[in-house]
Amino acid sequence: MDEHESLQAFLAGRLGSADARRFDEHLLECEACWQAVREDRAGRLAAQVVRLLAPPGLTDRIAFAVEVAASARSQRPPAKVLSGLGWQLADGGIAVIGVLVAMLVLLPGVRGTPAMPAAVQAVARYAQTIAPPAGPLPWQAGARRTSPTEVDPPVSVTAGGQLIVLRTWRLGGTEAVVAVSQGPFPMPAGATDASGGGMAWSSPVGKLRLYCLNGQTSELIATPVPAAELAVLAGQLQLN
Amino acid sequence: MGVVGMSDHREFLDATLPYVDAVWQVARHAARDGLEPEDLVQETYLQAYAAFGSFQGGNPRAWLAAICLNVARSEARRRRRRPLELSGVAITDVAAGAGTRDSGPDVAELVMDSLDSQHISQCLAKLAEPRRMCIVMVDVARLTAGEAAEALGCPRGTVLARLHRGRLRLAELLAESRVSHGRA
């Protein structure tokens, strides 16, 4: 082993005790190696200074993305339609929609903030591609009465440590994502607290409106309908 | 490649999420051309998940780091920019810095006096890509030299050599900038 190899082995802690002792003695005599050791350690210390903690929520974001991808890839049976409601979509259509939704959800753009709890953020991100209604809603004057129909396979995700099942419903000319969890959905900053204790709240997020009913089972609706129509829409979806 | 689905994603997350910090450290220094490190980490995990069926149970940290580098390179190619190579600035600086060690001030002391993370990041970015990635893998992301060798696809001895030369060059760059700023 030449001097350079010994130096690298010494710095990597790969020298045996006898060789390490010999190299220690060499360092007392050789200014070049001593400088190299000091500068190597200085460089290592400097590099360690640039470590930054991973952003909070990154783990949740990854878990969410993987779970959505897993859901899109799984061979699920056609979504069941709630009793007494609408029609069923063909298997192929459901699969395509599922993949499309998954791809759109995974697009970067919606970022977490301290004011936006991860679970709420995940639901909003999932629903962000829903287009606003083009015409009157089914219960409004002049609209054709239709019942809600489930259009995508359910998706299970974990966000903020909270297991959430996401279902997408078509209602008239728009859609709504209904997120169900065994834990309450925390109220984001700026939300309107309808109950005084965070049990029912609503909040705008971009073009979406969120409407939440917390309870033994909590539901969070995300849809681009006007705020005034949220409660009616929730009733149409037979929450609680 | 095996196809994974809902039943496997928990196993995948259990096996890989403990290493998200290491992937994050690599992604921060591998993301280029406006690619956000968070997006690179997410894409790394999605590609790793897609390939999890063929993962033979080796070292997950090294495996994820290798995927992260590949995704970063693919993304750079996709954006029709130069892949992870020396920039013109870095080449100039490396050439200018050669042979300046003999009569200069004490490099190690100057480095210790200038431990500012933003400044260090700037100097780190000037290193040649192979050396920089060895430093990022071992000193920043805390992979072992063996894991870094696996991720980078080179022998462990090469990693150690690049690591050593990279640290020396980083120390030199920090010392040079310290002299030019400190004596102004």
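Residues numbered from 1 in each chain as written. Chains lettered and ligands numbered in written order. Predicted model: local features only at pLDDT ≥ 70, side-chain atom pairs only at ≥ 80, totals over all residues. Heavy atoms only, no water.

### Regarding the overall build of chain B
The number of helices and strands found in chain B is 10 helices and zero strands. Listing the helices and strands of chain B from first to last along the sequence gives α-α-α-α-α-α-α-α-α-α. A buried classification covers 52% of the 184 residues belonging to chain B. Pairs at least 24 residues apart make up 73% of the contacts formed inside chain B by residues separated by at least 6 positions. Working note: accessible area of chain B is about 8400 Å², and carbon and sulfur atoms make up 49% of it. (Helix = DSSP H or I, 4+ residues; strand = E, 2+ residues; numbered from the N terminus. Buried < 20%, exposed > 50% of the residue type's maximum accessible area, 1.4 Å probe, protein only. Contact = heavy atoms within 4.5 Å. Areas by Shrake-Rupley, 256 points an atom, 1.4 Å probe, with all protein chains shown as cover.)

### Regarding helix H1 (residues 3–11) of chain A
Those residues of H1 of chain A not exposed but buried are Ser6, Leu7, Gln8, Ala9, Phe10 and Leu11 of chain A. Within two residues after H1 of chain A, Gly13 of chain A carries a phi angle of roughly 70°, on the positive side.

### Section: the confidence of the model for chain B
Residues and elements named next belong to chain B. Of all residues in chain B, 72% have pLDDT values of 70 or greater, and the mean over the chain is 78. When the elements of chain B are averaged for pLDDT, helix H5 (residues 88–97) gives the smallest value, 31, and helix H2 (residues 20–30) the largest, 94. Ignoring residues within four places in sequence, the model shows residues 81–103, a span with pLDDT below 50, making 27 contacts including any to other chains. The ipTM, which scores confidence in the relative placement of chains, is 0.71 for this predicted complex, and the corresponding pTM is 0.56. (pLDDT = per-residue confidence, 0-100.)

### Observations concerning the interface of chain A and chain B
Chain A puts 44 residues into the contact, and the matching count from chain B is 52 residues. Both faces combined, the contact of chain A with chain B buries some 4100 Å², and carbon together with sulfur accounts for 63% of it. Arg51 of chain A is the salt-bridge partner of Asp21 of chain B, the closest N and O atoms lying 2.7 Å from each other. If you look at where chain A meets chain B, you find 10 residue pairs in polar contact (both at pLDDT 80 or more). Every element with two or more residues in the side of chain A that touches chain B is listed here: H1, helix H3 (31–49), helix H4 (58–73) and strand E2 (155–159) of chain A. (Buried area = accessible area lost by both parts, 1.4 Å probe. Salt bridge = Lys/Arg side-chain N within 4 Å of Asp/Glu carboxyl O. Polar contact = N/O pair within 3.5 Å; in protein donor to acceptor, adjacent residues only side chain to side chain.)

### Section: H2 of chain B
An α-helical segment advances 3.6 residues per turn. Residues three or four places apart therefore align on the same side. In terms of residue burial, H2 of chain B counts as a mostly covered element, since 10 of its 11 residues are buried. Buried within H2 of chain B are the following residues: Val20, Ala22, Val23, Trp24, Gln25, Val26, Ala27, Arg28, His29 and Ala30 of chain B.

### So, the packing of aromatic side chains
All names here are of chain A. By the definition in use, this model includes seven aromatic pairs over all chains. Consider the rings of Phe10 and Phe23, whose centres lie 4.9 Å apart with planes at 35°: the pair is tilted. Taken as a pair, Phe10 in helix H1 and Phe23 in helix H2 (residues 17–29) lie far apart in primary sequence, 13 residues in all. Residue Phe10 is classed as buried on the basis of its relative accessible area, which comes to 15%. (Phe/Tyr/Trp six-rings, centres within 6.5 Å; stacked < 30°, edge-to-face > 60°.)

### Here we look at the pattern of salt bridges
Scanning all chains against the criterion turns up 12 salt bridges over all chains. Between Glu175 of chain A and Arg170 of chain A there is a salt bridge, with its nearest N and O atoms 3.2 Å apart. The shortest N-O distance in the salt bridge between Arg169 of chain B and Glu172 of chain B comes to 2.8 Å. You can see Arg169 of chain B and its partner Glu172 of chain B sitting in helix H10 (residues 156–182), three residues apart, about one turn around the helix. Comparing Arg169 of chain B with Glu172 of chain B, the two get one shared label, buried. A single network of salt bridges, built from pairs that share partners, joins Asp40 of chain A together with Asp139 and Arg167 of chain B.

### Looking at the packing of H2 of chain A against H3 of chain A
Residue and element names in this part refer to chain A. Viewed as axis vectors pointing N to C, H2 and H3 meet at an angle of 110°, and their least axial separation amounts to 6 Å. Considered as vectors, H2 and H3 are oriented roughly perpendicular to each other. Contacts from Phe23, His26, Leu27 and Glu29 in H2 reach Glu31, Cys33, Trp34 and Val37 in H3. Of the residues that constitute the contact of H2 with H3, the class distribution is five nonpolar, one polar and two charged. (Axes fitted to C-alpha atoms, helices over the stretch in contact; angles between N-to-C directions. Parallel < 35°, antiparallel > 145°, perpendicular 65-115°, else oblique. Nonpolar A, V, L, I, M, F, W, Y, C, P; charged D, E, K, R; others polar.)

### Section: the pairing of strand E8 (residues 218–223) of chain A
All names here are of chain A. Of all the six residues making up E8, six are buried; the element is thus mostly covered by neighbouring parts of the structure. Of the two faces of E8, both are covered, the one formed by Ser218, Leu220 and Ala222 as well as the one formed by Glu219, Ile221 and Thr223. Two strands pair when backbone bridges link them, and strand E4 (residues 174–181) and E8 are joined in this way by five bridges, in the antiparallel orientation. Bridging from a neighbouring strand, Val177 pairs with Ala222 of E8. Here strand E7 (residues 208–213) runs beside E8; their pairing, made up of five bridges, is antiparallel. Residue pairing for E8: Cys212 is matched across the bridge by Leu220. The loop that links E7 with its antiparallel partner E8 comprises four residues. (Pairing = 2+ DSSP bridges.)

### Examining the packing of H1 of chain A against H2 of chain A
Residues and elements named next belong to chain A. As a packed pair, H1 and H2 sit with axes 11 Å apart at the nearest point and diverge in direction by 110°. Here H1 lies roughly perpendicular to H2, going by the angle between them. Viewed along their axes, H1 and H2 form a crossing whose handedness is left-handed. Between H1, through Glu3, Ser6, Leu7 and Phe10, and H2, the contact on the second element is made entirely by Ala20, Phe23, Asp24, His26 and Leu27. (Left-handed = near helix turned anticlockwise from the far one by under 90°.)

### Looking at the pairing of E2 of chain A
Residues in a regular strand project their side chains so that they alternate between the two faces of the sheet. All names here are of chain A. E2 sits mainly inside the fold: four of its five residues count as buried. As judged from the five bridges shared by E2 and strand E3 (residues 162–171), these two strands associate in the antiparallel manner. Within E3, the position partnered with Ala159 by the bridge is Gln162. Linking E2 to E3, which pair antiparallel, is a turn of two residues; within it Gly160 sits at a positive phi near 60°.

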